[in-house]
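One letter stands for each residue in the lines below.
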Amino acid sequence: MKKIKIIFWIATSIIFALEALMPLATLLFAHEYFNAGTKPLGYPDYFAYALIVCKILGATAIMLPKLPVKLKEWAYAGLTFNLIFAAISHIAVDQVIANIVMPIVVGIVLSVSYVYSQKINHKSKTI
């Protein structure tokens, strides 16, 4: 059980850093770059703000241990859709390999977090 929790917390911490802390830091400390990921794809500025807020809320939700499981499921789903559509947007618009691969890699880390959260929830219900 300890190994499962360690893997979960490492993966979830990486997601929290990439999906919550980095966008928040950009918004607060380098505001001129808040839309650096969305503007080249043709999205309006308000979309970048909404995306930052949703990413912060979703990543925070999966970090909080006492949050209801259903809410965490929604957070995982939202973050997953965000990463899928980011990869699709980069495939359709700029076709830069690094921009396409990054959301896929983050999605794999998110998948690890989800799978291990399920293992933790299953183990805690059987004990």
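For the structure itself, look to the data block above.
Residues numbered from 1 in each chain as written. Predicted model: local features only at pLDDT ≥ 70, side-chain atom pairs only at ≥ 80, totals over all residues. Heavy atoms only, no water.

Undergrad: Account for the pattern of salt bridges, with residues named and values stated.
TA: Under the criterion given, the structure shown has two salt bridges. When the shortest N-O distance is used, the salt bridge between E19 and K55 registers 3.5 Å. On the criterion of sequence distance, the pair formed by E19 in helix α1 (residues 2-29) and K55 in helix α2 (residues 45-63) is long-range, its members being 36 residues apart. For E19, a relative accessible area of 6% gives the class buried. For K55, a relative accessible area of 17% translates into the label buried. Put simply, D45 and K39 hold a salt bridge, and the shortest N to O gap is 3.4 Å. (Salt bridge = Lys/Arg side-chain N within 4 Å of Asp/Glu carboxyl O. Helix = DSSP H or I, 4+ residues; strand = E, 2+ residues; numbered from the N terminus. Buried < 20%, exposed > 50% of the residue type's maximum accessible area, 1.4 Å probe, protein only.)

Undergrad: Can you lay out the nonpolar core for me, pointing to particular residues and giving the numbers?
TA: One recurring pattern in soluble globular proteins is that nonpolar side chains are buried together. One finds F8, I15, I62, Y76, L79 and L110 to be the most contacted residues of the largest nonpolar core, which totals 13 residues. If you list the elements that add at least two residues to this core, you get α1, α2, α3 (69-92) and α4 (97-126). If near-sequence neighbours (up to four positions away) are discounted, I15 is found in contact with A20, A59, I62, L79, V106, V109 and L110. A48, I52, I56 and A59 belong to the second largest nonpolar core, which has six residues in total. (Core = buried A, V, L, I, M, F, W, Y, C linked by side-chain atoms within 4.5 Å. Contact = heavy atoms within 4.5 Å.)

Undergrad: Tell me about the environment of P103, and please be specific about residues and values.
TA: Turning to its location among the elements, P103 is positioned in helix α4. Separated by 23 residues in the primary sequence, P103 and T80 place their C-alpha atoms 9.4 Å from one another. Discounting chain neighbours no more than four positions away, the residues touching P103 are L83, A86 and A87.

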